[in-house]
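Listed below, chain by chain, are the residues.
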Amino acid sequence: MRTQKFEVEVGNEYQSNGKIVVDINQIPYPTAVYIPSKEEIILNRRAYETLGMNERDVFDLTTWKKINPFLADCYRKVNEDIVNDQKVHVILLNGKHEIMNYSLTRITNPLLGKVYIIYFSKASEKYSVASISSLYSVKEEVAKLKPYLNRTGKIMHESLMNKYFREENQQLTLDDLVYYERELRIIQKAYPSLSHREVILCGLLVNDMDSKDIASITNRTLDAVFVTIHRINRKLDILNKKQLVDTLKELVNKQEIDQPVPTTVSVSQR
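S.K.: Describe the side chain of Thr50, with residues and values.
M.R.: Its place among the elements puts Thr50 in helix α1 (residues 45-50). Judged by relative accessible area, which is 13%, Thr50 ranks as buried. Residues within four places of Thr50 in sequence aside, it is in contact with Pro30, Leu92, Met100, Phe120, Ser121 and Lys122.

S.K.: Pulling in residues and values, what's your account of the packing of helix α8 (residues 196-205) against helix α10 (residues 222-236)?
M.R.: Close contact between α8 and α10 brings their axes to 10 Å; oriented N to C, the two are set at 100°. Put simply, α8 runs roughly perpendicular to α10. Side by side, α8 and α10 meet where Glu198, Leu201, Cys202 and Leu205 of the first sit next to Val225, Thr228, Ile229, Arg231, Ile232 and Lys235 of the second. Looking at the contact of α8 with α10 residue by residue, the class counts come to six nonpolar, one polar and three charged.

S.K.: Could you give me a rundown of the pairing of strand β5 (residues 82-91), with the residues and numbers involved?
M.R.: For β5 and strand β6 (residues 97-109), the ladder comprises eight bridges, and the chain directions are antiparallel. Each residue of the ladder has a partner; that of Val90, found in β6, is Glu98. Between the antiparallel neighbours β5 and β6 lie five residues, among them Gly95 with a positive phi of about 90°.

S.K.: Break down α8 for me, with residues and values.
M.R.: Among the 10 residues of α8, eight are classified as buried, and the element is accordingly described as predominantly covered. Restricting attention to buried positions, one finds in α8 the residues Glu198, Val199, Ile200, Leu201, Cys202, Gly203, Leu204 and Leu205.

S.K.: Please set out the sheet that holds strand β7 (residues 113-122) residue by residue, giving values where relevant.
M.R.: Ordered in space as β4-β3-β7-β6-β5, the five strands form an open sheet in which the pairing is antiparallel. If you trace the sheet from one side to the other, it starts and ends with β4 (40-43) and β5, each paired once. Within the sheet, the average angular offset between the axes of one strand and its neighbour, ignoring direction, is 30°. Where β6 meets β7, 10 bridges bridge the pair, whose relative direction is antiparallel.

S.K.: Which residues make up the environment of Ile238, and what are the values?
M.R.: Mapped onto the elements of the fold, Ile238 is located in the loop between α10 and α11 (241-258). The residues touching Ile238, leaving out its near neighbours within four places in the chain, are Asn233, Gln243, Leu244 and Thr247.

S.K.: Report on the confidence of the model for the protein, specifying residues and quantitative values.
M.R.: For the protein, the average pLDDT comes to 76, and 71% of its residues sit at 70 or higher. When mean pLDDT is compared element by element in the protein, α10 scores highest at 93, while helix α6 (residues 174-178) scores lowest at 52. Per-residue pLDDT stays below 50 along residues 125-133; that stretch engages in 22 contacts with residues further than four places along the chain or on separate chains. Across residues 260-270, where pLDDT falls below 50, the model places 21 contacts with residues more than four positions away in sequence or in other chains.

Rules and cut-offs
Residues numbered from 1 in each chain as written. Predicted model: local features only at pLDDT ≥ 70, side-chain atom pairs only at ≥ 80, totals over all residues. Heavy atoms only, no water. Helix = DSSP H or I, 4+ residues; strand = E, 2+ residues; numbered from the N terminus. Buried < 20%, exposed > 50% of the residue type's maximum accessible area, 1.4 Å probe, protein only. Contact = heavy atoms within 4.5 Å. Axes fitted to C-alpha atoms, helices over the stretch in contact; angles between N-to-C directions. Parallel < 35°, antiparallel > 145°, perpendicular 65-115°, else oblique. Nonpolar A, V, L, I, M, F, W, Y, C, P; charged D, E, K, R; others polar. Pairing = 2+ DSSP bridges. pLDDT = per-residue confidence, 0-100.

As structure tokens, this is what we get:
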């Protein structure tokens, strides 16, 4: 596999020729270099790992653009040469949905035109299914101790539960819903009969959240979630939850594939 190297100018006071050559795999973060003029993506080892790919895999840029058509705007609308600490919802080439943190640097090369160096990582999602499931398993185990505690122990138990398992710490906020904005928009447009709350629940289902996790982060009882799912099924003439999830995923995936790929700005090259 070809290994890309970079020349970094640091000034004559640091090195005789003023440059340091860095292998892309020496960069300690998942890094992608995007060259629009050549329609080429270069990844380092950590980037392949983060994207769930093998180093021998070819990054299919055409497919990536089809399943993430909105990403072109992320770099075309950049007004500064450095952008820090952004979040974006992407679909990986293996079909998995991820929230990514990213920062990017835009440089101009005399031969290649604009070049984007992107550092990214998976966001530490406090609402990820695995995290919520583990958290509530611990909560249930700790709750079993209460009958065996004396008065002081029960006070300590109550304090512990309030500190680490307060419901407001698990609720969705408007910022969190931005992560699901695309799915929510598609679902709302396809099914205008659904209420706002029903659309949000569908957006969580299509991202593989189970009913218990949805109840936790929306601050509702499990029975209330089941009632809402039943009401949605009735409105959409769907038999059960599995068919609902399959229908929603088919809808969202079809919209993502059918949406036209934005045209990139061409840059002259030698």
